[in-house]
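Remarks on the overall topology
One-letter residues, chain by chain:
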Amino acid sequence: MSFENLSATWADQPLTDPVLAADAVDLMVSLGDRRRGTLTVLICDPDARYLATVLVGLPESAATDLRRDPQLGPAIDGHPPSLAELCGTALDPVIPAVHTAPGTGLILALGRPGPAGLTDVDSQWAHAATTICEAAGIRLLGFYSATKDGVHRNDLSATAVAA
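Just so you know, these numbers come straight off a predicted model, no measurement behind them.

1. Considerations on the sheet that holds strand 3 (residues 105-111)
Across the sheet, which stays open at both edges, the 5 strands sit in the order 2-1-3-4-5 with mixed pairing between neighbours. Each end of this open sheet is capped by a strand with a single partner; those strands are strand 2 (50-57) and strand 5 (150-154). Going across the sheet, the axis of each strand differs from the next one's by a mean of 25°, ignoring polarity. Examined bridge by bridge, strand 1 (residues 38-44) and strand 2 share 7 bridges and lie antiparallel to one another. Paired with Thr40 across the strands is Leu55, a residue of strand 2.

2. Concerning the pattern of salt bridges
Using the criterion set out here, one finds 6 salt bridges in the structure. Between Arg34 and Asp26 there is a salt bridge, with its nearest N and O atoms 2.8 Å apart. Each of the two residues, Arg34 as well as Asp26, counts as buried. The salt bridge partner of Arg49 is Asp47, with a shortest N-O separation of 3.5 Å. Take Asp47: its relative accessible area is 47%, and that puts it in the partly exposed class. Among the ionic contacts, a cluster of salt bridges with common partners joins Asp45, Asp47 and Arg49.

Conventions used here
- Residues numbered from 1 in each chain as written.
- Predicted model: local features only at pLDDT ≥ 70, side-chain atom pairs only at ≥ 80, totals over all residues.
- Heavy atoms only, no water.
- Pairing = 2+ DSSP bridges.
- Helix = DSSP H or I, 4+ residues; strand = E, 2+ residues; numbered from the N terminus.
- Axes fitted to C-alpha atoms, helices over the stretch in contact; angles between N-to-C directions.
- Salt bridge = Lys/Arg side-chain N within 4 Å of Asp/Glu carboxyl O.
- Buried < 20%, exposed > 50% of the residue type's maximum accessible area, 1.4 Å probe, protein only.

Geometric descriptors of this kind do not, in isolation, establish any biological role.
Structure (C-alpha coordinates):
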(Lines give C-alpha, C1' and ligand atoms only; values in the text may rest on other atoms or scores of the structure.)
Protein backbone atom coordinates (compact mmCIF):
# COMPACT_ATOMS: atom_id res chain seq x y z
CA MET A 1 0.00 0.00 0.00
CA SER A 2 1.34 3.35 -1.02
CA PHE A 3 0.07 6.67 -2.24
CA GLU A 4 2.09 5.97 -5.37
CA ASN A 5 -0.59 3.41 -6.30
CA LEU A 6 -3.31 6.07 -6.49
CA SER A 7 -4.74 6.83 -9.90
CA ALA A 8 -5.32 10.41 -11.02
CA THR A 9 -9.05 9.86 -10.42
CA TRP A 10 -8.83 8.28 -6.96
CA ALA A 11 -10.90 11.06 -5.37
CA ASP A 12 -13.81 10.17 -7.67
CA GLN A 13 -13.93 6.62 -6.28
CA PRO A 14 -15.57 5.62 -2.99
CA LEU A 15 -13.08 5.02 -0.20
CA THR A 16 -14.97 1.92 0.91
CA ASP A 17 -12.25 -0.22 -0.68
CA PRO A 18 -9.72 -0.73 2.15
CA VAL A 19 -6.74 -0.77 -0.23
CA LEU A 20 -7.76 2.51 -1.87
CA ALA A 21 -8.50 4.04 1.53
CA ALA A 22 -5.09 2.95 2.88
CA ASP A 23 -3.37 4.51 -0.13
CA ALA A 24 -5.32 7.76 0.46
CA VAL A 25 -4.28 7.70 4.14
CA ASP A 26 -0.67 7.15 3.06
CA LEU A 27 -0.94 10.27 0.88
CA MET A 28 -2.54 12.44 3.57
CA VAL A 29 -0.43 11.45 6.61
CA SER A 30 3.12 12.67 6.03
CA LEU A 31 6.14 11.04 7.63
CA GLY A 32 6.44 14.13 9.85
CA ASP A 33 2.82 13.69 10.99
CA ARG A 34 3.63 10.08 11.85
CA ARG A 35 6.71 11.09 13.86
CA ARG A 36 4.81 13.82 15.75
CA GLY A 37 1.64 11.85 16.45
CA THR A 38 -1.56 13.04 14.79
CA LEU A 39 -5.15 12.09 14.19
CA THR A 40 -5.96 12.68 10.53
CA VAL A 41 -9.60 12.92 9.47
CA LEU A 42 -10.50 12.22 5.85
CA ILE A 43 -13.96 13.66 5.27
CA CYS A 44 -16.05 11.87 2.65
CA ASP A 45 -19.34 12.69 0.96
CA PRO A 46 -22.47 10.49 1.33
CA ASP A 47 -21.10 8.26 -1.47
CA ALA A 48 -17.83 7.81 0.47
CA ARG A 49 -15.78 9.91 -1.98
CA TYR A 50 -12.99 12.06 -0.57
CA LEU A 51 -13.79 15.70 0.16
CA ALA A 52 -11.19 17.11 2.56
CA THR A 53 -8.60 16.37 5.22
CA VAL A 54 -8.35 17.74 8.75
CA LEU A 55 -5.19 17.14 10.75
CA VAL A 56 -5.35 17.19 14.54
CA GLY A 57 -2.01 17.27 16.36
CA LEU A 58 -1.75 15.17 19.50
CA PRO A 59 -0.11 16.42 22.69
CA GLU A 60 3.61 15.69 22.80
CA SER A 61 3.12 13.40 25.79
CA ALA A 62 0.70 11.27 23.78
CA ALA A 63 3.09 11.00 20.83
CA THR A 64 5.92 10.02 23.17
CA ASP A 65 3.77 7.33 24.74
CA LEU A 66 2.66 5.99 21.36
CA ARG A 67 6.29 4.96 20.91
CA ARG A 68 6.31 2.92 24.09
CA ASP A 69 3.13 1.83 25.83
CA PRO A 70 -0.58 2.64 26.10
CA GLN A 71 -0.27 4.75 29.25
CA LEU A 72 -0.38 8.47 28.60
CA GLY A 73 1.65 11.06 30.43
CA PRO A 74 0.05 12.92 33.31
CA ALA A 75 -2.58 15.50 32.53
CA ILE A 76 -2.49 18.95 34.09
CA ASP A 77 -4.49 17.72 37.10
CA GLY A 78 -2.09 14.79 37.59
CA HIS A 79 -4.46 12.13 36.23
CA PRO A 80 -3.52 10.59 32.90
CA PRO A 81 -6.28 10.94 30.30
CA SER A 82 -7.54 7.67 28.87
CA LEU A 83 -7.09 6.98 25.19
CA ALA A 84 -10.86 7.35 24.80
CA GLU A 85 -10.68 10.84 26.35
CA LEU A 86 -7.78 11.80 24.12
CA CYS A 87 -9.62 10.53 21.03
CA GLY A 88 -12.75 12.41 22.10
CA THR A 89 -10.79 15.61 22.57
CA ALA A 90 -9.21 15.21 19.12
CA LEU A 91 -12.64 14.66 17.51
CA ASP A 92 -14.46 17.44 19.43
CA PRO A 93 -13.84 20.17 16.82
CA VAL A 94 -14.64 17.84 13.92
CA ILE A 95 -18.02 16.47 15.05
CA PRO A 96 -20.02 19.74 14.83
CA ALA A 97 -18.64 20.42 11.35
CA VAL A 98 -19.58 16.93 10.16
CA HIS A 99 -23.11 17.37 11.49
CA THR A 100 -23.63 20.29 9.09
CA ALA A 101 -23.52 17.88 6.13
CA PRO A 102 -25.80 14.86 6.71
CA GLY A 103 -24.47 11.59 5.35
CA THR A 104 -20.84 12.60 5.68
CA GLY A 105 -18.48 9.71 6.40
CA LEU A 106 -15.07 9.74 8.04
CA ILE A 107 -11.90 7.78 7.68
CA LEU A 108 -9.65 8.27 10.70
CA ALA A 109 -5.92 7.66 10.74
CA LEU A 110 -3.70 7.59 13.79
CA GLY A 111 -0.31 8.80 12.62
CA ARG A 112 2.19 7.56 15.13
CA PRO A 113 5.82 6.78 15.76
CA GLY A 114 6.74 3.40 17.10
CA PRO A 115 6.46 -0.17 15.97
CA ALA A 116 5.22 -1.25 12.56
CA GLY A 117 2.00 -3.19 12.47
CA LEU A 118 -1.00 -2.85 14.73
CA THR A 119 -0.61 -2.50 18.48
CA ASP A 120 -2.99 -2.62 21.45
CA VAL A 121 -2.93 1.20 21.46
CA ASP A 122 -4.15 1.22 17.84
CA SER A 123 -7.01 -1.10 18.78
CA GLN A 124 -7.92 1.11 21.74
CA TRP A 125 -7.95 4.20 19.51
CA ALA A 126 -10.09 2.38 16.91
CA HIS A 127 -12.52 1.25 19.60
CA ALA A 128 -12.75 4.76 21.07
CA ALA A 129 -13.29 6.29 17.62
CA THR A 130 -15.99 3.74 16.80
CA THR A 131 -17.80 4.45 20.07
CA ILE A 132 -17.56 8.24 19.65
CA CYS A 133 -18.72 8.18 16.03
CA GLU A 134 -21.63 5.86 16.81
CA ALA A 135 -22.73 8.09 19.69
CA ALA A 136 -22.50 11.17 17.45
CA GLY A 137 -24.39 9.50 14.60
CA ILE A 138 -21.41 9.74 12.23
CA ARG A 139 -20.48 7.06 9.70
CA LEU A 140 -16.98 5.77 10.38
CA LEU A 141 -15.77 4.25 7.12
CA GLY A 142 -12.46 3.03 8.50
CA PHE A 143 -9.72 3.49 11.07
CA TYR A 144 -6.09 3.18 10.03
CA SER A 145 -2.74 3.44 11.77
CA ALA A 146 0.06 5.10 9.83
CA THR A 147 3.67 4.47 10.85
CA LYS A 148 6.97 5.11 9.08
CA ASP A 149 6.71 1.53 7.83
CA GLY A 150 3.26 1.80 6.24
CA VAL A 151 -0.49 2.04 6.75
CA HIS A 152 -2.43 -0.63 8.61
CA ARG A 153 -6.21 -1.10 8.72
CA ASN A 154 -7.87 -1.71 12.06
CA ASP A 155 -10.79 -4.15 11.97
CA LEU A 156 -13.71 -2.11 13.26
CA SER A 157 -15.93 -5.17 13.72
CA ALA A 158 -13.31 -6.55 16.13
CA THR A 159 -13.29 -3.27 18.10
CA ALA A 160 -17.08 -3.46 18.43
CA VAL A 161 -16.80 -7.06 19.67
CA ALA A 162 -14.11 -6.01 22.18
CA ALA A 163 -16.61 -3.63 23.80
